[in-house]
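# Structural overview
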Amino acid sequence: MSLSIFSLVTGLYVLHFSIALILVNKEVPQTRGMLYPRESETREVRSLDGIWNFVRSDQANPTQGVRDEWYAKELSKSRPTIPMPVPASYNDITTDNLRDHVGTVWYDRKFFVPRSWSKDQRIWLRFGSVHYEAYVWINGQKVVKHEMGHLPFEAEVTDLLSYGAENRITVMCDNALIQTTVPQGRITEVPNDGGMTIVQSYTFDFFNYAGIHRSVHLYTTPRTFIEEVEVTTNLSKDATVGEVFYSVSVNGSAANEADNVLQIQANLYDKDGILVANATSDQKLGGKLQVNPVKPWWPYLMHSEPGYLYQLEIKLLATNDELLDVYRLKVGIRTLSWNSQQFLINGKPVYFRGFGRHEDSDIRGKGLDNALMVRDFNLLKWIGANAYRTSHYPYSEESMQFADEHGIMIIDECPSVDTENFSQELLGKHKSSLEQLIHRDRNHPSVVMWSIANEPRTGSVSADSYFELVANFTRSLDKTRPITAAIAVSNTQDKAGRSLDIISFNRYNAWYSNAGRLDMITQNVIDEAIAWNKRYNKPIIMSEYGADTLEGLHMQPAYVWSEEFQTEVFSRHFKAFDELRKKGWFIGEFVWNFADFKTAQSYTRVGGNKKGVFTRARQPKAAAHLLRKRYFALGRDLDQCSFPEDLFTYIADLIS
Ligand code: GCB
């Protein structure tokens, strides 16, 4: 582990002004390992979640803790600590203004490592995500630095731990966003009543929650272990035979011994635990499994058994058949294809009916919360959605697994939002965010598309080559999924669409333009979608539309912010979508947003962004009932699903 990484902490946040328009396609670091921590007969997993100790640095002195080596002993020896839950955003936990803290904060906790772990094993420390930048020490020794929220990172800690004894982990987290972070922000120093203060600003509207957002795990592997598994799948034309291609990489000394021929034994089990295919491969550490007959992975409401998953068991064997390591993962067998008109799954055209979302909730902020996740999936299924976009950053690995299980299609978005001031450094980070995302999510059948940005300033000259490089890089990592970006500039100005496979556009008719004018929605949406299709000859998605709606505010005739208005806005869009669907190339509608969410303070937001179909407490607004009828009607029309019994409320004998 390089120790110099820690010298990168500087006392100042440097404002970056981009003038570089000539962009070079440089290599980005390659992620290794990072398999989701799972127990098996060769692996143990231990959670470090719980209540940690927490200290906020002085805003004017963000690097003091590094200089004074707060990590060398318990944090409480340097500063008074407060309790802080992990995982959670730290912002909304206290009653003071920790919410708006800019810069570094510190966490630590103690934990035991059992004596038994000292024997012939390797120990790894893995974070599901820390936003935005993390520096980690174990027992005062530097372990790892990671930049980029919402993505996992890990490091080996075998030689840093005390076995059969107590250990200490210390994390410094920095939430500062500048012009070369993904996403971008600005740090400025401005006068306040007490002198000068540091202010963080950003152009996107969701609140910049920070902290240890997802679980922290310690896990063991054997000395020589399965480091990576990559899976792709295929189906025969008639969808009766499935193929699973797997490729494995191994880490450890046994992999390097010339006389030791490692083998992979791959077993595929169906949902009932019955072995349906197996293979043993050597040398290449990869191969193919054939499943006949196969149950393909289908999206929710597109099939009577959606989200069908097999279990792939990967066994690493030494020459003498000694079992070195076992790792299991779920696999969905499906194909994706696309052309200038359609997007198909298992050969069948898909019409997306979904949402833009946020990982956001009261108190927890962006912290992983299983109760919230399960509630959200129940609501998605209740409303008949078959997809969502992980706007505007990668969501938890647990939610990706859940989407696989429930057949919810994911447009998987990297953390690039409102990108402007394109620069060489930003390009490197942007590509790295996609590399990390694809590495993490490539095996999920639910991931059907990569979104390389939300509302970048694609009208600018440098956006042209910038997005060409980002899109080509993404394609070089995964050719099996199409690439999109949610674009907000007008189709005449846009310079990114030519590099995409599918065009997504965000537009707020009757809200940000022509506020209140319900009569100025339908034709505008139709005209704009046609214009995008004419310009690029690619499938088109409306990736955002909606209206802020205060739950309980009723006004007839409809008036902005009322429940009636949101319902009418949706209905006028539905009309446009149905016209567009007839054209063949319009492939999806995504409401903004699934639920109300917290934003930075501004006079355009009353307690946050209220464009949710559900409140922040996950209860339906009036428009949810309308949307539910539409999504199920589309499901019945396009995919022959049946209606839930309570979809229509009984009114009279003649009307149903
Ligand atoms: C957008 C952004 C989204 C915002 C939304 C709004 O275009 O993509 O992040 O939350 O508008 O409500 O302003």
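Residues numbered from 1 in each chain as written. Predicted model: local features only at pLDDT ≥ 70, side-chain atom pairs only at ≥ 80, totals over all residues. Heavy atoms only, no water.

### Things to note about the domain arrangement of the protein chain
Domain boundaries assigned for the protein chain yield domain 1 (44-175 + 210-222), domain 2 (224-331) and domain 3 (348-639). Using C-alpha coordinates to define each centre, domain 1 is positioned 34 Å away from domain 2. On the side of domain 2, six residues touch domain 1, which itself brings four residues to the contact. Counting the surface lost from both domain 1 and domain 2, the interface buries some 370 Å², and carbon and sulfur atoms represent 58% of this. (Domains from an automatic or database assignment. Contact = heavy atoms within 4.5 Å. Buried area = accessible area lost by both parts, 1.4 Å probe.)

### Some words on the pairing of strand β21 (residues 323-331)
With eight bridges joining them, strand β20 (residues 310-317) and β21 adopt antiparallel strand pairing. The residue of β21 that forms the bridge with Gln311 is Lys330. (Pairing = 2+ DSSP bridges. Helix = DSSP H or I, 4+ residues; strand = E, 2+ residues; numbered from the N terminus.)

### Regarding the nonpolar core
Phe355, Ile383, Ile452, Phe570, Phe586, Val613 and Leu627 are the most contacted members of the largest nonpolar core, which totals 93 residues. Among the elements that line this core, the one with the most residues is helix α7 (residues 563-581), at seven residues. When residues of this core are assigned to domains, at least three fall in each of domain 1 (44-175 + 210-222) and domain 3 (348-639). Residues Phe54, Val130, Val144 and Leu218 belong to the second largest nonpolar core, which totals 32 residues. (Core = buried A, V, L, I, M, F, W, Y, C linked by side-chain atoms within 4.5 Å. Buried < 20%, exposed > 50% of the residue type's maximum accessible area, 1.4 Å probe, protein only.)

### Looking at the state of the cysteines
Evaluation of the coordinates by the stated rule reveals zero disulfides. Unpaired in this structure, Cys173 has its nearest cysteine sulfur neighbour in Cys414, at a distance of 20 Å. (Disulfide = S-S within 2.5 Å.)

### Re the layout of surface pockets
Considered as a void within the structure, the largest pocket measures approximately 870 Å³ in volume. Along its surface, the largest pocket is lined by 34 residues, and Pro29, Lys145, His146, Ser432 and Gln436 are the ones closest to its centre. Taken together, the elements giving at least two residues each to the lining of the largest pocket come down to β8 (141-147), β9 (153-156), β15 (225-235) and α4 (424-441). The element best represented in the lining of the largest pocket is α4, accounting for ten residues. (1 Å grid on protein atoms, 1.4 Å probe; cavity = no way out; pocket = protein on both sides within 12 Å on 5 of 7 lines; lining within 4 Å. Points joined across faces, edges and corners; volume = space filled by probe spheres on them.)

### Comments concerning helix α3 (residues 397-406)
Counting buried positions over the ten residues of α3 gives seven, a clear majority of the element. When we look at burial in α3, the residues that qualify are Glu397, Glu398, Ser399, Met400, Ala403, Asp404 and His406. Residues of α3 that are buried make contact with β5 (121-127), α2 (370-383), β26 (387-389), β27 (409-413), α4 and β28 (447-454). After α3 finishes, the residue Gly407 shows a positive phi value of roughly 70 degrees.

### Focus on the packing of aromatic side chains
Using the criterion set out here, one finds 38 aromatic pairs in the structure. Relative to Tyr388, the ring of Phe377 has its centre 6.1 Å away and its plane inclined at 70 degrees; by these criteria the two rings are edge-to-face. Within this pair, whereas Phe377 is found in helix α2, its partner Tyr388 is found in strand β26, the two being separated by eleven residues in sequence. The exposure class of Phe377 is buried, given its relative accessible area of 1%. Judged by centre distance (6.0 Å) and plane angle (25 degrees), the rings of Tyr388 and Tyr395 are stacked. In this pair, the class of Tyr388 matches that of Tyr395, namely buried. Within the aromatic cluster, the residues linked to one another by ring pairs are Tyr202, Phe204, Phe206, Phe377, Tyr388, Tyr393, Tyr395 and Phe402. The positively charged end of Lys431 is found above the aromatic ring belonging to Phe473, 5.2 Å away from the centroid. Positioned above the aromatic ring of Tyr351 is the side chain of Arg581, whose terminal nitrogen or guanidinium carbon lies 5.5 Å from the ring centre. (Phe/Tyr/Trp six-rings, centres within 6.5 Å; stacked < 30°, edge-to-face > 60°. Lys NZ or Arg CZ within 6 Å of the ring centre and 35° of its normal.)

### As for the site of the ligand
Surrounding the ligand, one finds 13 residues, the nearest of these being His392, Glu455, Tyr512, Glu544 and Lys611. At 3.1 Å, a side-chain N or O of Trp592 approaches an oxygen atom of the ligand. At 2.8 Å, a side-chain N or O of Asn609 approaches an oxygen atom of the ligand. Starting from 320 Å² of accessible surface for the ligand in isolation, the protein chains cover 91%. (Near = heavy atom within 4 Å. Polar contact = N/O pair within 3.5 Å; in protein donor to acceptor, adjacent residues only side chain to side chain. Areas by Shrake-Rupley, 256 points an atom, 1.4 Å probe, with all protein chains shown as cover.)

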